[in-house]
Amino acid sequence: MDENILEVKNLNMHYETISGDVAAVKDITFHVKKGESFGLVGESGCGKTSVAMSLVQLQADNAKISSGSITLDGQELIGLSENELRSVRWDGISIVFQGAMNAWNPVIKIGEQIREAIREHYPNNTKLQNIEKIKELFEMVGLSETIIDRFPHELSGGMKQRAVIALALSCNPKLVIADEPTTALDVVIQDQILNEIKKVQDLLGLSLIYISHDIAVIAEMTERMAVMYAGRIVESGPTKDIFANPRHSYTRALLESTPSVVGDKVKLNSLDGEPPSLIDEEFGCSFSPRCSNPTENCKSGKSEMGLIEVAEDHFADKCCVECG
Amino acid sequence: MAKYLINRALQMFLVFFIFLTSSYLLFNAMPGNAFQSLLLNPNLPPDAYEKTLALYGLDKPLFERLQLYIINFFKGDFGYSYIYFPKSPVELIAERLPRTLMLFSIVNIFAFYTGFLVGKILAWRRGSKSETWITITSVFSYTVFYPWFALLMLYFFGLKLGWLPIGKFLYPEKWYDAPFDSDVIFVNMIWFTVIITLVQFIAYVLTRNIESISIRRNLRFTSFVLILIGSYFYWGTGEALVRRPYAADIAYHMILPVFTVTLLAFAGTALLTRTTMMEVLKEDYILTARAKGLSQKRIRDRHAARTALLPVVTSFIFTIVTIIDGSVLTEQIFSWPGMGQLILQAVLREDIPVAMATFSFLGIFALVAHFLADISYAYLDPRIRIKSQG
Amino acid sequence: MSNIEKEARKKIRRAAINKNWTLFKQSRLGIVGLGIVLFFAFLAVLQPILFLTGVWNEGVYDPVVGYEPERFELLVVECPQQYPTEKYQEPNDCPARGEVNKVLVFDPSVSVGDYYETSLQPAPPSSKHILGTDSLGRDIFSQLMEGSQVAFLLGLLSATVGVALSTILGSIAAFFGGRVDAYLMRQSDLVLMLPFLPLLFIISAFVELKVWHLAVVLGILGGLGGSVITIKSAALQVKVKPFVDSARITGGSRMRILFSHILPNVAPLALLFMVFSVTGAIASESVLSFLGLLNIDMSWGLMIYLSQTDGYIFSGLKYWWLILPAGLSVTFLAGGFYLVGRGLDEVFNPRLRDR
């Protein structure tokens, strides 16, 4: 149970744009244990999705992974050829996309789109076997069998999202990445989908990476988590520990800005300012301009960023730990 | 759906009516008429000109003639050609149309197929060296000055190398004692082409749902070989054996025009396919397809190209009229006696019945093509298909 | 206040232009196209300057009536009856360059092997006529320049007319919808039904087609045809954008919404159309001159028409200066505009961009 299904070490990735290189992922290190769900949280544009896409190396054409290592179940993924990667995709790591967006090809039937994924990784299956498999998956996520012959636009947002989950599970992946799967849905459906993911995870013992900007969802869904800010992980550890004892001031700010449904009404603290531009050279702690009580060391760049262990399996950025 | 079709048909009829009227007025606005050359002949009696005009009804006022023409048109009477007198425009079209149809259907099939293929590759190999060179070639062939290029091709292959005949669609000496008309052969060849295309298409559709890629490819190849064997037997037996050398003669004359026009016509499709494909490649579902671990070829052909096909097909059908238009020039350069030359002569010599008949033929053709474009768009895109049903 | 606002607007505009230029530079072929277009524009402007400054004498270099009896020393030869011989491969090779056929010299005192001084038409390129002269002794380079003036005038004028028409009609069709839309769509059907070349034949029969007449006719035909449909679908997408609704709610008149909200937003597409339709207009003009239908003194199409009617086009590359410059000019200028359009497409359409 304690085995790591995924290990990411010192991953660096940047986008080459006409206005310069944008370092979207800086020195990221984390691991996911088998059967565990791991959360990745941060505001929009902090590099969460870039990390997810780097794992399967589906980044945009102008994105370059400059260094680091990604190991899936003992297999190194960096440096694999496109063909080798193809067999890792979906079979090793699959992704739950935002189904309400354009994850489905509008002119191909849902069933056919799932079937072609299975066909790619299990070429010896007969058509009947594949269809049986899809029916099984649909039952698991609570969809009727008739959806197989439907086109994507005939489905509601929630149904599409369920179908996306079925698609992600179709090849029995070792690891599933859920990339903000509920963002475009309304709250009721959102809750249903989250329950669905949870149910499926329990049922199949899936390893899951859950990506969201909503720290409340992360608290509900995950056992361990990491907080990202401006392309870096600033704090990581067991979800409980982080919620009980946040060590980084950005994590604290995130927690303070989230309303609680139970308890008294309290005034929420919103975080002022903007995240730093990722093009500029880093100078000191990247969070210091927005930090509520930055020290001189943070601002002047005397201390470099980097994670240190503050409690068992609980890491936080060292400059912030030092100052507060 | 039915309401839409009826509404659309009514509008089409109205447009056609206006088209008919305005073309008739346009032709009559041209100065002079087809019989003015009679005035130049001093041997004819002085009233011959007036008599001829009266014979053809040209002495009546314009409005009356227009009325008569339109009534007769819908009765199915198109009058007689002024310059090929005893023949009616329908006979002339029936004689010329197969020749044009044969040439341009082959050109269009080739041009569309290669264009789509090249465009697909262009979008896929974005940013590579080969992309730049293929693009430059395509842009050159898209914008090259057509008659100039065609004449150079004629010079090079016809005169300099002497491989291919210059102009004409057959060697007259070969046909001197032929037991049948060239049009019979043309019609025969058209049917032959249509049938083998259909067979290939059916084979393609039937094998579409086969799960294993290698079996599908093998089956398609087998069907292709079977078609080849079948056509070998067809041209080797019975009546077709007699026709074979004549058909071969026509085919030989067709090579150069087909090659030249294809070379120029593929580029438009290729460049459009490239743009459309590139837009499609940015869609999220392409990312999904890549994440699923599908092969590059499958993503390109099944996911990207199929979606990109819709706008390309539509615009292709819309340009069919332009292609026939281009036949005027092509037939002039390659001395190919088809519809294009018929229109040109009719217009230049003011043979109004023939000109009107050819114009309205093209008009109906264009209307039907546009209508089909709408329908095929609706068929190929399930999003629209649903909408028109509901 | 308004001064500050003006400054700010200026700044924003400048930044936008800078950004678009950077994006345009990304497409190398777009830059190549721009280079080609500028080169021909330079040729078009250069000719009147050469005449005005007196570098070129109008009597000699005028593209239509210029003539110079250039004297050449030619070797008199006798063309053989049968080919191939040692010297000549085929009938086309005799007389070779610098030679003249004895039969064509109407001077009994000259015999084979002599040198004979004569004027030569068409004359090959020389230092005086850098692209040679045509069969009437007129300077080809000067004709090329005149032709590029014609091409620019016609291409830009017809594109402007066509795009202005189709943008306004397309926006109106999208904005008002209903009957107006149905009428405009059927009208463009009607225009698309007419075969283009024969129609121009008819028009040229009762109107004397000069360059700008043709430009306007081409513009109207293009502007009423298929491009209305495309512009309309683009305008429909703009029409449902929130800012149009907000303009309506705040009480903007229909005309104001149409002209200040919808039109500016279809303008990039219209510009694109314009650049592409220049390509079409240049080709159409050349085809019409090539068929001898235009009442025009000089153009690239006419140059090819002349070289064809005089039979030079089938003599291969022996008279290349009669065949290649004009044909390549048409091709390159049309291609140049096309490439510029493609570059602009990548600026305006973010989905075509690399990064």
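Residues numbered from 1 in each chain as written. Chains lettered and ligands numbered in written order. Predicted model: local features only at pLDDT ≥ 70, side-chain atom pairs only at ≥ 80, totals over all residues. Heavy atoms only, no water.

**Some points on the overall build of chain C**
Link 1 in the chain: A tally of helices and strands in chain C yields twelve helices and three strands.
Link 2 in the chain: By principal-axis analysis of the C-alpha atoms, chain C measures approximately 95 × 45 × 40 Å.
Link 3 in the chain: Within chain C, contacts between residues at least 6 apart in sequence are counted, and of these 71% link residues at least 24 apart.
Link 4 in the chain: Element-wise, carbon and sulfur atoms account for 62% of the exposed surface of chain C, whose accessible area totals about 17,400 Å².
Link 5 in the chain: Each charge sign in chain C was given a centre, from 29 positive and 28 negative side chains, and these centres are 23 Å apart. (Helix = DSSP H or I, 4+ residues; strand = E, 2+ residues; numbered from the N terminus. Contact = heavy atoms within 4.5 Å. Areas by Shrake-Rupley, 256 points an atom, 1.4 Å probe, with all protein chains shown as cover. Lys, Arg positive; Asp, Glu negative; His and termini not counted. Charge placed at Lys NZ, Arg CZ, Asp CG, Glu CD.)

**Examining the pairing of strand β9 (residues 224-229) of chain A**
All names here are of chain A.
Link 1 in the chain: Of all six residues that make up β9, six are buried, and the element is covered over most of its length.
Link 2 in the chain: By the alternation rule, side chains of β9 split into R224, A226 and M228 and M225, V227 and Y229, which are all buried.
Link 3 in the chain: Where β9 and strand β10 (residues 232-238) come together, six bridges link them in antiparallel fashion. Each bridged residue has a counterpart across the sheet, and for R224 the counterpart in β10 is P238.
Link 4 in the chain: The antiparallel hairpin formed by β9 and β10 contains two residues in its connecting segment, where A230 sits at a positive phi of about 50 degrees. (Buried < 20%, exposed > 50% of the residue type's maximum accessible area, 1.4 Å probe, protein only. Pairing = 2+ DSSP bridges.)

**Some points on the packing of helix α1 (residues 2-29) of chain B against helix α4 (residues 62-75) of chain B**
All names here are of chain B.
Link 1 in the chain: At their nearest, the axes of α1 and α4 sit 11 Å apart, and the two run at 135 degrees to each other. Comparing the axis directions of α1 and α4 gives the class oblique. The two elements α1 and α4 cross, and the hand of that crossing is right-handed. Residues F13, F16, F17, L20, T21, Y24, L25 and N28 of α1 pack against L62, R65, L66, Y69, I70, F73 and F74 of α4. (Axes fitted to C-alpha atoms, helices over the stretch in contact; angles between N-to-C directions. Parallel < 35°, antiparallel > 145°, perpendicular 65-115°, else oblique. Left-handed = near helix turned anticlockwise from the far one by under 90°.)

**Some points on the packing of aromatic side chains**
Link 1 in the chain: This structure, assessed with the given rule, holds 31 aromatic pairs over all chains.
Link 2 in the chain: The interplanar angle of 10 degrees and the centroid separation of 5.0 Å between the aromatic rings of F30 of chain A and F38 of chain A together place this pair among those described as stacked. Judged on exposure class, the residue F30 of chain A and its partner F38 of chain A are both buried.
Link 3 in the chain: When the ring of F152 of chain C is compared with that of F337 of chain C, the centres are 6.0 Å apart and the planes differ by 65 degrees; the resulting orientation is edge-to-face. Pair noted here: F152 of chain C is in helix α4 (residues 140-176) and F337 of chain C is in helix α12 (residues 320-348), with a separation of 185 residues, a long-range link.
Link 4 in the chain: Take F337 of chain C: its relative accessible area is 10%, and that puts it in the buried class. (Phe/Tyr/Trp six-rings, centres within 6.5 Å; stacked < 30°, edge-to-face > 60°.)

**Examining helix α11 (residues 300-309) of chain C**
Link 1 in the chain: Within α11 of chain C, burial applies to W300, G301, L302, M303, I304 and S307 of chain C.
Link 2 in the chain: Considering only its buried residues, α11 of chain C is in contact with α7 (146-160) of chain B together with α2 (28-52), α4, α10 (254-290) and α12 of chain C.
Link 3 in the chain: Immediately beyond the C-terminal end of α11 of chain C, within one or two residues, lies G311 of chain C, with a positive phi of roughly 85 degrees.

**Looking at the confidence of the model for chain A**
Link 1 in the chain: In the predicted model, chain A carries a mean pLDDT of 81, and 85% of its residues have values of at least 70.
Link 2 in the chain: Averaged over each element, pLDDT in chain A is lowest for helix α11 (residues 318-323) of chain A (63) and highest for strand β3 (residues 37-41) of chain A (89). (pLDDT = per-residue confidence, 0-100.)

**Some thoughts on the confidence of the model for chain C**
Any segment with low pLDDT has predicted coordinates that should not be analysed in fine detail.
Link 1 in the chain: On average, residues of chain C carry a pLDDT of 81, and 92% of them reach 70 or more.
Link 2 in the chain: Confidence metrics for the complex model read pTM 0.81 and ipTM 0.82.

**Structural notes on the domain arrangement of chain C**
Link 1 in the chain: Segmentation of chain C into domains returns domain 1 (16-50 + 139-353) and domain 2 (71-119).
Link 2 in the chain: Each of domain 1 of chain C and domain 2 of chain C has a C-alpha centre, and these two points are 48 Å apart. (Domains from an automatic or database assignment.)

**Some details on the sheet that holds strand β7 (residues 175-179) of chain A**
Residues and elements named next belong to chain A.
Link 1 in the chain: The strand order across the open sheet formed by eight strands is β6-β7-β8-β3-β9-β10-β12-β11, and the pairing between neighbours is mixed. Each edge of the open sheet carries a strand with a single partner, namely β6 (93-96) and β11 (307-311). Ignoring which end each strand starts from, the neighbouring axes of this sheet average 25 degrees apart.
Link 2 in the chain: As paired strands, β3 and β9 are joined by four bridges and run parallel to one another. Its bridge partner being in β9, F38 is matched across the sheet by R224.

**Description of the sheet that holds strand β4 (residues 63-72) of chain A**
Hydrogen bonding along the main chain pairs the strands of a sheet, whether they run parallel or antiparallel.
Residues and elements named next belong to chain A.
Link 1 in the chain: With respect to topology, four strands assemble into an open sheet ordered β2-β1-β4-β5, the strand pairing being antiparallel. On the outer flanks of this sheet lie β2 (20-33) and β5 (75-76), each paired with one strand and no other.
Link 2 in the chain: Note that strand β1 (residues 4-17) and β2 share ten bridges and pair antiparallel. Residue pairing in the sheet places M13 in a bridge with V25 of β2.

**Quick word on the side chain of N105 of chain A**
Link 1 in the chain: With respect to the helices, strands and loops of the structure, N105 of chain A is situated in the loop between β6 and α3 (110-121).
Link 2 in the chain: A relative accessible area of 0% places N105 of chain A in the buried class.
Link 3 in the chain: Among the polar contacts listed, one links the side chain of N105 of chain A to the side chain of H303 of chain B, at a separation of 3.1 Å.
Link 4 in the chain: Once you skip the residues sitting within four places of it in the chain, N105 of chain A turns out to touch Q113 and P152 of chain A together with Y285, H303 and T307 of chain B. (Polar contact = N/O pair within 3.5 Å; in protein donor to acceptor, adjacent residues only side chain to side chain.)

**A closer look at the pattern of salt bridges**
All names here are of chain A.
Link 1 in the chain: Inspection of the entire model under this criterion finds 25 salt bridges over all chains.
Link 2 in the chain: The salt bridge partner of R86 is E120, with a shortest N-O separation of 2.9 Å. Placement of R86 in helix α2 (residues 82-88) and of E120 in helix α3 is noted, with a sequence separation of 34 residues between them.
Link 3 in the chain: On the basis of relative accessibility, which here comes to 25%, the residue E120 falls in the partly exposed class. (Salt bridge = Lys/Arg side-chain N within 4 Å of Asp/Glu carboxyl O.)

**Brief notes about the interface of chain C and chain B**
How large an interface is tends to be reported as the accessible area lost when its parts come together.
Link 1 in the chain: Facing 51 residues of chain C, the contacting portion of chain B comprises 50 residues.
Link 2 in the chain: Between chain C and chain B, roughly 4,600 Å² of surface is buried when both sides are summed, and carbon and sulfur atoms account for 74% of that area.
Link 3 in the chain: Between the two partners, chain C and chain B, sit four residue pairs in polar contact (both at pLDDT 80 or more).
Link 4 in the chain: Counting residues per element, the ones that place at least two in the side of chain C that touches chain B are α2, α5 (178-193), α6 (196-206), α10, α11 and α12 of chain C.
Link 5 in the chain: Partitioned by chemical class, the residues of the side of chain C that touches chain B number 32 nonpolar, ten polar and nine charged. (Buried area = accessible area lost by both parts, 1.4 Å probe. Nonpolar A, V, L, I, M, F, W, Y, C, P; charged D, E, K, R; others polar.)

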